[in-house]
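Summary of structural features
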Amino acid sequence: MKKVYTQTKEIEICGNYDVIVVGGGAAGCAAALTAGRLGAEVLLCERYGFLGGATAAQGVGHILSTNGVDFMGVWHDFIREVNRLGGLSNRDLTTKGEDNRIRSGVDIELVKFAWDNLLSKAQVSMLHHVWASGVMKEENKITGVILETVSGTMAVQGKMVIDATGDGAVCAFAGAPFSQGDGEHPYNQALTKVFRMGNVDRSVVHTKEEIQKLVEEAASDEMAKRYESEVVKNGRAASYTASRTVPNSIPKYRTEMHGFASRVLHINPVDPWDLTKAEREGRKQAYECADFAKRYISGFENAYLLDTNIHIGIRDSRRIQGIETVLAEDALMLNKRKDSIAKSSWVIDIWPGDHYARPAVQDSAQRMEKVLSGDYFDIPYGAIVVKGTQNLFVAGRCISAEREAQASLRIQQTCQATGEAAGFAAVFCLKHGISPDKADGATVAKELAQHRSFIKPVMEELLK
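Model, not experiment: these values are computed from the prediction. (Residues numbered from 1 in each chain as written. Predicted model: local features only at pLDDT ≥ 70, side-chain atom pairs only at ≥ 80, totals over all residues. Heavy atoms only, no water.)

1. Here's the deal with the pattern of salt bridges
Side chains that differ in sign of charge can pair as their charged atoms come close. This is how it is decided: Salt bridges are counted wherever a side-chain nitrogen of Lys or Arg sits within 4 Å of a carboxyl oxygen of Asp or Glu. Labels follow the DSSP assignment, with helices taken as runs of H or I lasting at least four residues and strands as runs of E lasting at least two, numbered in each case from the N terminus. Any residue under 20% of the maximum accessible area for its type is buried, any over 50% is exposed, and the rest in between are partly exposed; the area is computed with a 1.4 Å probe on protein chains only.
Under the definition given, this model contains 25 salt bridges. Linking Arg295 and Asp291 is a salt bridge whose minimum nitrogen-to-oxygen distance equals 2.7 Å. Highlighted residues: Arg295 and Asp291, both in helix α10 (residues 272–296), separated by four residues, approximately one helical turn. With a relative accessible area of 46%, Arg295 lands in the partly exposed category. Among the ionic pairs, Asp437 bridges to Lys438, the shortest N-O distance being 3.4 Å. By sharing partners, the salt bridges in this structure join Asp107, Arg196, Arg254, Glu256 and Asp307 into a single network.

Structure (structure tokens):
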């Protein structure tokens, strides 16, 4: 491949902060909120014109938990604010549904307002429409982040940096080691083009027999002639849409329906050519799924394709190497740690990156029974401290974890917990004048737990 060398240019430094957080999703907002509340001068950098990350940009509006022990810290304040705005679909976050899981959802538009309100109150500075493109370094210390803006390139300096980009972009620019894929390929999990359909009659409920009939019809010769997408022809569009797989993902006052049937395969999520291909293929899948629903599923006769997500849903890309790693064994055996900064109790949820129909959940019956009964595994402090750096944290789905562990801890309340921990630890290290890799993980975990104890749980309020 040919290369070109660009001319070195002066870049204006536009600010100096205690903590720079890159990425305004669940993890980044929680990190910035926590550091801001602790009195740090914080800058939150976000590439879109709104906050909310996967919830707002990728359409992932549902709340899922096997037992609720992963609802921690600032998550309660986030849900409290979403509920105050009227954006929570199911206010009972303690009672399990028919599938023995806690399920609810948020209005993805109101999530943007919720984070705006919380972060503004914490006096966090925000910069939208910026994209991290590099870092400034002095040996192993990150002295600042390079940002691309509509006006050109700029830089911001910071004492501590938190990468909450989801893809570990800042860590990669800093030269941090990472793993990716399934061990053989750069892809691991399928990508999903979430779509919404408007004017759906959500009162219509289908029996298992009716759903099975729809699946069989989808595989018929007639369907094969009409549709090209495998997710329609193999029955996913029928079963996911008709069964209302995520029934509480949208508040009841709205008439939309979220569609999660899309699976885009063999995609390297950090390759721009692959990502472009995924967006286009996913959009075609969404169109055909919506068309199938309108033609063949009762309740959708008068529905229409409202929109597709702004950014295709990515479950896994870079997994940054920390000074410790959450092992597959930790997730499978539900191991506990004294230096725990977050708990994960979700299933091992790997959406195959090479198959349109293979099931995602890979839990043993024994593990499933344990998590449904309240068990979990711990995420250690070292998993958010980037290896080989003096002041760089990572938070969210790209923390230091093996593939199987990442497939459980990638859900949004756990991303918020690791973000909250990163924000707390950044201020802790500044206060004590130490680098993150020199901080005692058990001490950080203990003080973080004390900090969280001052946040009032939201569950009882929701039921009033």
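Structure's up, so let's keep going.
2. Description of the side chain of Asp77
Rules: Pairs of N or O atoms are called polar contacts if they sit within 3.5 Å, as long as, within protein, a hydrogen donor faces a hydrogen acceptor (for residues adjacent in sequence, only side-chain-to-side-chain pairs).
Relative to the assigned elements, Asp77 resides in helix α3 (residues 74–84). The exposure class assigned to Asp77 is buried, which follows from its relative accessible area of 13%. At a separation of 2.6 Å, a polar atom in the side chain of Asp77 contacts the side chain of Arg80.

3. Re the side chain of Thr143
To keep things clear, this is the line we draw: Note on contacts: a residue pair is in contact if any heavy atoms of the two residues lie within 4.5 Å.
With respect to the helices and strands, Thr143 occurs in strand β7 (residues 141–149). Residue contacts for Thr143: discarding those within four places in its chain leaves Met136, Lys137, Glu138, Val156, Gln157 and Gly158.

4. As for the nonpolar core
The nonpolar side chains of a soluble globular protein tend to be buried with one another. Spelled out, the test is: Working definition of a nonpolar core: buried Ala, Val, Leu, Ile, Met, Phe, Trp, Tyr and Cys residues. They are joined through side-chain atoms within 4.5 Å.
Ranked by size, the top nonpolar core spans 104 residues in total, and within it Tyr381 and Phe393 carry the most contacts. Here this core gets 10 residues from one element, more than from any other, and that element is helix α14 (residues 412–432). For Tyr381, the contacting residues outside a window of four places in its chain are Asp339, Ile341, Phe393, Ala425, Cys429, Pro436, Ala439, Gly441 and Val444. Counting residues in hydrophobic clusters, the runner-up holds 23 residues, among them Val200, Ala242, Ala286 and Ala303.

5. Details of the pairing of strand β3 (residues 62–65)
Test applied: Pairing between strands is defined by DSSP: at least two bridges between them are needed.
Residues His62 and Leu64 line one face of β3 and the alternating positions Ile63 and Ser65 line the opposite face, and both faces are buried. Where β3 meets strand β4 (residues 102–105), four bridges bridge the pair, whose relative direction is antiparallel. Along β4, the bridge assignment pairs Ile63 with Ser104.

6. Comments concerning the state of the cysteines
To be explicit about the condition: Only a pair of cysteine sulfur atoms within 2.5 Å qualifies as a disulfide here.
Taken as a whole and judged by the stated rule, the model has zero disulfides. Free cysteine Cys415: the closest other cysteine sulfur is in Cys398, separated by 8.2 Å.

7. Some details on the sheet that holds strand β10 (residues 195–198)
Stated formally: Helix axes use the C-alpha atoms of the stretch in contact, all axes being lines fitted to C-alpha atoms, and the angles between their N-to-C directions lie in the range 0 to 180 degrees.
Taken together, the three strands give an open sheet; going across it, the order is β11-β10-β12, and neighbouring strands pair in antiparallel fashion. The sheet is open, and its two edges are formed by β11 (257–259) and β12 (304–308), each paired on a single side. Shown here is a sheet whose adjacent strand axes are inclined to one another by a mean of 30°, direction ignored. Docked against the sheet, α10 engages β10 and β12, running at close to 30° with respect to β10.

8. Here's the deal with the packing of aromatic side chains
Defined as follows: Ring pairs shown here join Phe, Tyr and Trp side chains whose ring centres sit within 6.5 Å, with only the six-membered ring taken for Trp; geometry is labelled stacked below 30 degrees between planes, edge-to-face above 60, and tilted in between. Geometrically, a charge over a ring is one whose NZ (Lys) or CZ (Arg) sits within 6 Å of the ring centre while staying within 35 degrees of the ring normal.
On inspection of all chains with the given rule, the structure shows six aromatic pairs. Each ring, one from Tyr227 and one from Phe292, has its centre 6.1 Å from the other, and the planes form 65°; the classification is edge-to-face. Of this pair, Tyr227 sits in the loop between α7 (221–226) and α8 (230–233) while Phe292 sits in helix α10, and the two are 65 residues apart along the sequence. Residues Tyr227 and Phe292 agree in their burial class; the two are buried. Arranged with centres 6.3 Å apart and planes meeting at 75°, the rings of Tyr240 and Trp351 form a pair that is edge-to-face. Linking Tyr240 in helix α9 (residues 236–242) with Trp351 in the loop between β14 (340–344) and α12 (365–372), this pair joins segments that are 111 residues apart in sequence. Among the aromatic residues, ring-to-ring pairing joins Tyr227, Phe292 and Tyr296 into one connected group. Looking at Lys112, its charged tip hangs above the ring of Phe50, at a distance of 4.3 Å from the centre. A cation over a ring is seen here: Lys343 above Tyr376, with NZ or CZ 4.8 Å from the ring centre.

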